[in-house]
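In case you want the letters, here they are:
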Amino acid sequence: MKVIGAGVGRTGTYSLKLALNELGLGPCHHMEEVLLNMPVQVPLWSAAVDGNPDWAAIYDGYQSAVDWPTGAFFRELSAAYPEAKFVLSTRSPESWTESYSSTIHTLLGSKDQAPEEMRDWLYMAERVISKSGFPPEKSKQELHDAFIAHEQAVKAAIPADRLLVFQAKEGWAPLCAFLGQPVPDTPFPRTNDRAEFWDKVSGKG
């Protein structure tokens, strides 16, 4: 593993995934990978939440990882991959809270009504997200405060020379400088707005 994302979902993680792939640092693991390979990935991540991770199996074939579930395990992954660089994808706490509340929070709140084949994934996702400090019962203000707390915890745990705090709107320059990669002559990926989120979850994306 060369690059590990410590940012939570709805912080531009899908754009970061596409960017890392374009820089030759992929394949990049993302929650979408779990959704596309639930029979293998869900049990592995459930075991990780239980304290029995098999990182080699989880990340088999990947050079990088972003988004949940990865973002919940930044401390464990920093120890497991001491040479890896970390990217904390971020945005304003206010805009994150609105985006998260209308997507992931809403999805998990309806997990009991989800199709049977989706439920194990959703229950695992809820446990991972709760581990990050975002259990389902939190209010918007509590989510806002937990987002700030998560970022503070990442900055405290990961040495500064291994960590880039990054917003997708900054584009290629800071990411490429941090990773020692040339800047592509293509636009930085911008994707996965709220409508795209629901398409991916429903299998349309």
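Report on the accompanying structure.

About the criteria used
- Residues numbered from 1 in each chain as written.
- Predicted model: local features only at pLDDT ≥ 70, side-chain atom pairs only at ≥ 80, totals over all residues.
- Heavy atoms only, no water.
- Salt bridge = Lys/Arg side-chain N within 4 Å of Asp/Glu carboxyl O.
- Helix = DSSP H or I, 4+ residues; strand = E, 2+ residues; numbered from the N terminus.
- Buried < 20%, exposed > 50% of the residue type's maximum accessible area, 1.4 Å probe, protein only.
- Contact = heavy atoms within 4.5 Å.
- Axes fitted to C-alpha atoms, helices over the stretch in contact; angles between N-to-C directions.
- Parallel < 35°, antiparallel > 145°, perpendicular 65-115°, else oblique.
- Left-handed = near helix turned anticlockwise from the far one by under 90°.
- Nonpolar A, V, L, I, M, F, W, Y, C, P; charged D, E, K, R; others polar.
- Expected span 1.5 Å × (residues − 1).
- Arc of directions from axis to C-beta.
- Core = buried A, V, L, I, M, F, W, Y, C linked by side-chain atoms within 4.5 Å.

To continue, consider the pattern of salt bridges. Tallied over the entire structure, the rule returns seven salt bridges. Its salt-bridge partner being Glu76, residue Lys131 comes within 3.0 Å of it at the nearest N-O pair. Linking Lys131 in helix 8 (residues 116-131) with Glu76 in helix 5 (residues 74-80), this pair joins segments that are 55 residues apart in sequence. Take Lys131: its relative accessible area is 37%, and that puts it in the partly exposed class. The class of Glu76 is partly exposed, set by a relative accessible area of 31%.

Along the chain, the position of Leu77 falls in helix 5. Taking relative accessible area as the criterion, Leu77 reaches 0% and is therefore assigned buried. A sequence separation of 22 residues divides Leu77 from Trp55, and the C-alpha atoms of the two residues are 8.4 Å apart. Apart from residues no more than four positions distant in its own chain, Leu77 is found in contact with Ile4, Trp55, Tyr59, Thr70 and Phe86.

At a minimum axis separation of 12 Å, helix 1 (residues 13-22) and helix 10 (residues 172-179) run at an interaxial angle of 55°. In terms of their interaxial angle, helix 1 and helix 10 are classed as oblique. Considering how the two elements wind past one another, helix 1 and helix 10 form a crossing that is right-handed. Residues Leu16, Ala19, Leu20 and Glu22 of helix 1 lie in contact with helix 10, whose contacting residues are Trp172, Leu175 and Leu179. Partitioning the contact of helix 1 with helix 10 into residue classes produces six nonpolar, no polar and one charged.

For helix 9 (residues 140-157), built from 18 residues, the straight-helix expectation of 26 Å at 1.5 Å per residue is met to within 8% by its first-to-last C-alpha distance of 26 Å. Those residues of helix 9 lying buried are Leu143, His144, Ala146, Phe147, His150, Glu151 and Val154. One side of helix 9 carries all its buried residues, which in axial view fall inside an arc of 165°. More than 90 degrees from the buried face of helix 9, the exposed residues found are Gln152 and Ala156.

Core analysis: the biggest nonpolar cluster contains 44 residues, and Trp45, Trp55, Trp68, Phe86, Tyr100, Trp121 and Phe134 have the highest contact counts within it. Ranked by residue count, the leading element in this core is helix 8, at seven residues. The residues contacting Trp45, other than those within four sequence positions of it, are His29, Val34, Trp55, Ile58, Tyr59, Pro69, Thr70, Phe73 and Met124.

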